[in-house]
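Examination of the molecular architecture
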Amino acid sequence: MRLSTSAIALVVGLLVNHVAQAAELPQRWVSAGGALSEWVTALGGESKLVGVDTTSQHPQSLKALPSIGYQRQLSAEGILSLRPQILVGTEEMGPPPVLAQIRNAGVQVELFSAQADLPTLQDNLQHLGKLLGAEDKASALFSTYQQQLNLQKTAVTQAQTRQKAPGVLLILGHAGGKPLIAGKDTAADWVLQQAGGRNLATHSGYKPFSVESLAGLRPEVLVFSDRALSGEAARAALFKENPILASTSAAKAGRVFELDPTLLVGGLGPRLPASLQALSAGFYPANAQTAP
């Protein structure tokens, strides 16, 4: 079967147009914000990354890339030395004069929302997918993510038929130092809710509390997230620097759980559904024991 000259011309035209569009997409990327960098990788864009910020710790391979520093304290010189075509980050990225300097140098700067909700994630993934030429993959990733959260919601609803939602505090620290407590309108609050916890903190954002105030809230569960230490070292430092926390019912019952701090940076990331399951198992131990 022979193709007509017009059909051949059409096919060639489509191929040329596809190649031209791909060539127009930015090929040298710098990313600031842990979740955003993870999504770039999930969408097949890791090979385009030439630098990331210090919150971009996953996957492990990102640690081998040049660091541009902390997302809120970026340096124009450091970023421009990597010759990027595009810098992506959330509204947490800055400071603004540095971003302006980077734009003036001809680098495309794309800002994404770090709001912790599904509509925002969908918008972010669609935008990233367009920039990477991976729109179909972005749609598929969001669909899978939504399904995972629906399953999580169902599991929590079932668990709460047997046990009331525990009162939880999420403590963000640095080597056990004076902690910040995650309040409303934060990614941490979203995590606690999705895992089936009842956030005892009623303020907005992350704020320091006296340890006496913390103990007075009588948390049934403590979730800690340390930006300098991890594992048992982080837990030990938390109780050493804030000994009154060790007297809470949460600590006495051994209901103290760790959350990777990079999960709270840059909006909802691809590792969150698995972390929600792990937290739910700690919040609802009876449900975890009866699960198949």
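Residues numbered from 1 in each chain as written. Predicted model: local features only at pLDDT ≥ 70, side-chain atom pairs only at ≥ 80, totals over all residues. Heavy atoms only, no water.

Going by the annotation in an unreviewed UniProt entry, the name recorded for the chain is ABC transporter substrate-binding protein, with Pseudomonas hygromyciniae given as the source organism.

Some points on the nonpolar core
In this structure, Trp29, Val223 and Phe283 are the most contacted members of the largest nonpolar core, which totals 44 residues. Those residues in contact with Phe283, other than ones at most four positions away along the chain, are Gln163, Pro166, Val168, Leu192, Ala195, Gly196, Gly197, Val221, Val223 and Arg255. In terms of nonpolar packing, the next biggest core, distinct from the first, is built from 16 residues, Leu169, Leu214, Ala234 and Leu245 among them. (Core = buried A, V, L, I, M, F, W, Y, C linked by side-chain atoms within 4.5 Å. Buried < 20%, exposed > 50% of the residue type's maximum accessible area, 1.4 Å probe, protein only. Contact = heavy atoms within 4.5 Å.)

Here we look at the pairing of strand S2 (residues 49-52)
Where strand S1 (residues 29-32) lies against S2, three bridges are found, and the strand directions are parallel. Bridged to Val30 within S2 is Gly51. Between S1 and its parallel partner S2, the chain crosses via helix H2 (residues 34-42), and the hand of that crossover is right-handed. (Pairing = 2+ DSSP bridges. Helix = DSSP H or I, 4+ residues; strand = E, 2+ residues; numbered from the N terminus. Right-handed = clockwise from strand over helix to strand, strands pointing away.)

Observations concerning the UniProt feature "domain: Fe/B12 periplasmic-binding" (unreviewed entry) in the chain
According to UniProt, the "domain: Fe/B12 periplasmic-binding" (unreviewed entry) feature falls on residues 28-287. Its end C-alpha atoms 47 Å apart, residues 28-287 is made of 41% helix and 16% strand. (UniProt positions renumbered as here; feature names shortened; annotations may be inferred.)

Observations concerning unusual backbone geometry
It is generally the case that most residues other than glycine have a negative phi and that most peptide bonds are trans. For the peptide bond that leads from His58 to Pro59, omega is -5°, which places it in the cis range. Assignment of secondary structure puts Pro59 in the loop between S2 and helix H3 (76-80). Positive phi is not limited to glycine here, since Ala175 has a value of about 55°. Position of Ala175 among the secondary structure elements: in the loop between strand S5 (167-173) and strand S6 (180-182). We classify Ala175 as partly exposed; its relative accessible area is 35%. Phi is positive for Arg218, which is not a glycine, with a value near 55°. Here Arg218 lies in the loop between helix H8 (211-216) and strand S9 (221-226). Note on Arg218: relative accessible area 69%, which makes it exposed.

Things to note about the sheet that holds strand S3 (residues 86-90)
The parallel open sheet is built from four strands, whose spatial order is S2-S1-S3-S4. The open sheet has two edge strands with one neighbour each: S2 and strand S4 (108-112). Across the sheet, the mean angle separating the axes of adjacent strands is 20° when strand polarity is ignored. Contacts between H2 and the sheet are confined to S1, S2, S3 and S4, with S1 contributing the most and set at about 140° to the helix. Taken strand by strand, helix H4 (residues 96-104) contacts S3 and S4, and its axis lies near 140° from that of S4. (Axes fitted to C-alpha atoms, helices over the stretch in contact; angles between N-to-C directions.)

Here's the deal with the layout of surface pockets
Empty space left among the atoms is revealed by rolling a probe the size of a water molecule over them. Considered as a void within the structure, the largest pocket measures approximately 860 Å³ in volume. Around the largest pocket, the lining is made up of 35 residues, and of these Leu172, Arg227, Pro261, Leu264 and Val265 lie nearest the centre. Here the residues of the lining of the largest pocket are counted per class, giving 14 nonpolar, 12 polar and nine charged. The volume enclosed by the second largest pocket comes to roughly 180 Å³. Around the second largest pocket, the lining is made up of 12 residues, and of these Gln152, Ala155, Gln277, Ser280 and Asn287 lie nearest the centre. Those elements that provide at least two residues to the lining of the second largest pocket are helix H6 (135-159), helix H11 (272-283) and helix H12 (285-290). In terms of residue count, H6 provides more of the lining of the second largest pocket than any other element does, six residues in total. (1 Å grid on protein atoms, 1.4 Å probe; cavity = no way out; pocket = protein on both sides within 12 Å on 5 of 7 lines; lining within 4 Å. Points joined across faces, edges and corners; volume = space filled by probe spheres on them. Nonpolar A, V, L, I, M, F, W, Y, C, P; charged D, E, K, R; others polar.)

Comments concerning H11
The terminal C-alpha atoms of H11, which comprises 12 residues, lie 16 Å apart, in line with the 16 Å expected from a rise of 1.5 Å per residue. If you check which residues of H11 are buried, you get Leu272, Pro273, Ser275, Leu276, Leu279, Ser280, Gly282 and Phe283. (Expected span 1.5 Å × (residues − 1).)

Concerning empty space enclosed by the protein
Going through the model one piece at a time under the given rule, you end up with two cavities of 30 Å³ or more. The calculated volume of the largest cavity comes to roughly 50 Å³. Those elements that provide at least two residues to the lining of the largest cavity are H2 and helix H5 (118-132). Among the residues making up the lining of the largest cavity, the classes are represented as five nonpolar, four polar and no charged. Computed from the structure, the second largest cavity encloses a volume of approximately 40 Å³. In this structure, the second largest cavity is lined by Ile171, Leu172, Gly173, Gly176, Gly177, Pro179, Phe224, Ser225, Asp226, Ala234 and Leu238. Breaking the lining of the second largest cavity down by element, the ones donating at least two residues are S5, S9 and helix H9 (231-241). Classifying every residue of the lining of the second largest cavity by side-chain character gives six nonpolar, four polar and one charged.

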